[in-house]
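Summary of structural features
The primary structure of each chain is shown beneath.
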Amino acid sequence: MTTTNAKYQIDTPENKKFLDISRDNLIAFGRHFPAVDGSSYWLGDDGTPWKDRNRATWITCRMTHVYSLATLLGVDGAAELVDDGIRGLRGVLHDEENDGWYAEITPDICHMPTKQAYAHAFVLLAASSALLAGRPGAKELLEQAEHVYLTKFWDDEIGLSVDTWNTEFTELDTYRGLNANMHSVEACLAVADVTGDESWRERACRIIGHVLTWAEENDWRIPEHFTSDWMAQLEFNADKPDDQFKPYGATPGHGIEWARLITQYALSVYGKDGVLNGDGRKYLDAAEHLFNRAVEDAWDADGAPGIVYTTDWEGKPVVHDRMHWTLAEGVNTAATLYHVTGKQEYADWYATFLEYIDTYLMDHRHGSWFHQLNRRNEVIDTVWPGKSDLYHATQAMMIPLCDPALSIAPATKKGVEEGLD
């Protein structure tokens, strides 16, 4: 896909208007997320809460984070929605006996087993954003989340996060995974930016170092699944290739997402006025390798536009479905790499991804984005029914306008203070 439409062209007034309107529509769509107890409903196709589904910590965190961004933007009523999310995270979703956060609660408030690093990384993100937005209880939530993450999930000896405990924190699953570590990097950078505690940025650095080694060893396709001693399991879930969180093979969308987070880290340590110097160049080079590998493997891989969900270790598509989050991350990373390198190819990818999103993913009738398409770009719901949350889509409408050296909440606050939003 190629486009000359100005609303898809990065840094044009038309593009900013398109992003702002799309962002505001998303924020309006999700306002009915809180249950009475503050936990987040899974949203249906038109934004109606699906009250018969479990309510998850990670979704509650994502919605709390999004409405913290909306609060920083001055959106009416957003602060109260953040407060609802904080109430859920400090209340029904939190395990008062064993500490930490339940993965999910059922409609009748039974707790699903396991404590997951993935969810706890999102508690860190939500709490840091809410703290920056000045919401009551956010500081206490962040302190609690920091304690649990550091004492239960962070393995300081190796510099990575473990993945899953039982509810009581007495049995640690042998599985290790990079999805939780990727969102740990996002959370660590956010906590460092908001609190000024640079030990969190160092944790992000340590995770990134491992990921770059594994990626380079596999031609810039990132292994996702590992044993307890961090041996890559390249055939993990070969019999369940479209798993929602642990799919088989390489996930190009994650390669794209890692590329942005690595660039953000490098800018925060080695950047000045958006320009990388010294050792920062090696991180940028790696980020470009990751992005270029992902789009080479996954874009238009089967004769139709879109990013395929997964590939094998030679880059051949395995699951051809298009997940909305991969395109959102494509927009974020293309914008970031363009702003740092000035290379036209990234501006072209940005426009291509945005046009695809507008054409296929944005639901111009009911709002938000369709979460899953098949290889013919038709809406399906085998992995992602409904429109569970706003996190990826909203960030994709904001990150292109933000300082790429900062996490999104501090960058949003900076933009508002400078009159850019």
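Residues numbered from 1 in each chain as written. Predicted model: local features only at pLDDT ≥ 70, side-chain atom pairs only at ≥ 80, totals over all residues. Heavy atoms only, no water.

Looking now at helix α4 (residues 117–132). Because an α-helix completes one turn every 3.6 residues, residues spaced three or four positions apart along the sequence face the same direction. For α4, which comprises 16 residues, the first-to-last C-alpha distance of 23 Å matches the rise-based estimate of 22 Å (1.5 Å per residue) to within 8%. Among the 16 residues in α4, 14 count as buried, and that is most of the element. Remark: G134 follows α4 within two positions and exhibits a positive phi of approximately 75°. (Helix = DSSP H or I, 4+ residues; strand = E, 2+ residues; numbered from the N terminus. Expected span 1.5 Å × (residues − 1). Buried < 20%, exposed > 50% of the residue type's maximum accessible area, 1.4 Å probe, protein only.)

Before going further, it helps to spend a moment on the packing of helix α7 (residues 199–217) against helix α8 (residues 252–270). Axes are the key here: two packed helices are described by the angle between their axes and the distance separating the axes. α8 packs onto α7 with a crossing angle of 135° between their chain directions and a minimal axis gap of 11 Å. Accordingly, the angle class assigned to the pair α7 and α8 is oblique. In this structure, the crossing between α7 and α8 has a hand that is left-handed. Where α7 approaches α8, its residues R201, C205, I207, I208, V211 and L212 are matched on the opposing element by W258, L261, I262, Y265, S268 and V269. (Axes fitted to C-alpha atoms, helices over the stretch in contact; angles between N-to-C directions. Parallel < 35°, antiparallel > 145°, perpendicular 65-115°, else oblique. Left-handed = near helix turned anticlockwise from the far one by under 90°. Contact = heavy atoms within 4.5 Å.)

Now for the domain arrangement of the chain. Under the domain assignment, the chain is made up of domain 1 (1–30 + 250–420) and domain 2 (40–202). The C-alpha-based centres of domain 1 and domain 2 are spaced at 23 Å. Taking both partners together, domain 1 and domain 2 bury about 3100 Å²; carbon and sulfur atoms supply 72% of that area. When the buried surface of domain 1 facing domain 2 is broken down by residue, I27, W258 and Y391 rank first, second and third, together holding 19% of it. Scanning the region where domain 1 abuts domain 2 turns up one salt bridge. Here R62 ties to D389 by a salt bridge, and the two come within 3.2 Å at their closest N and O atoms. For the interface between domain 1 and domain 2, the tally reads twelve residue pairs in polar contact (both at pLDDT 80 or more). Elements represented by at least two residues in the side of domain 1 that touches domain 2 include exactly α1 (13–29), α8, α12 (391–396) and α13 (408–417). Here the element with the most residues in the side of domain 1 that touches domain 2 is α8; it accounts for eight residues. Looking at the side of domain 1 that touches domain 2, its residues break down into 18 nonpolar, 13 polar and six charged. (Domains from an automatic or database assignment. Buried area = accessible area lost by both parts, 1.4 Å probe. Salt bridge = Lys/Arg side-chain N within 4 Å of Asp/Glu carboxyl O. Polar contact = N/O pair within 3.5 Å; in protein donor to acceptor, adjacent residues only side chain to side chain. Nonpolar A, V, L, I, M, F, W, Y, C, P; charged D, E, K, R; others polar.)

Tallied over the entire structure, the rule returns 29 aromatic pairs. For the ring pair W299 and Y356, a centre distance of 5.8 Å and an interplane angle of 75° mean the geometry is edge-to-face. Taken as a pair, W299 in the loop between α9 (280–298) and β13 (310–311) and Y356 in helix α11 (residues 344–361) lie far apart in primary sequence, 57 residues in all. There is no split in this pair, since W299 and Y356 are both buried. Through a chain of ring-to-ring contacts, the aromatic side chains of W42, W58, Y118, F122, F245, W384 and Y391 assemble into a single cluster. Sitting above the plane of the Y175 ring, K246 keeps its charged end 4.0 Å from the centroid. (Phe/Tyr/Trp six-rings, centres within 6.5 Å; stacked < 30°, edge-to-face > 60°. Lys NZ or Arg CZ within 6 Å of the ring centre and 35° of its normal.)

A word on unusual backbone geometry. Unlike most non-glycine residues, D99 shows phi in positive territory, near 70°. Its place among the elements puts D99 in the loop between α3 (78–90) and β4 (104–105). For D99, a relative accessible area of 23% translates into the label partly exposed.

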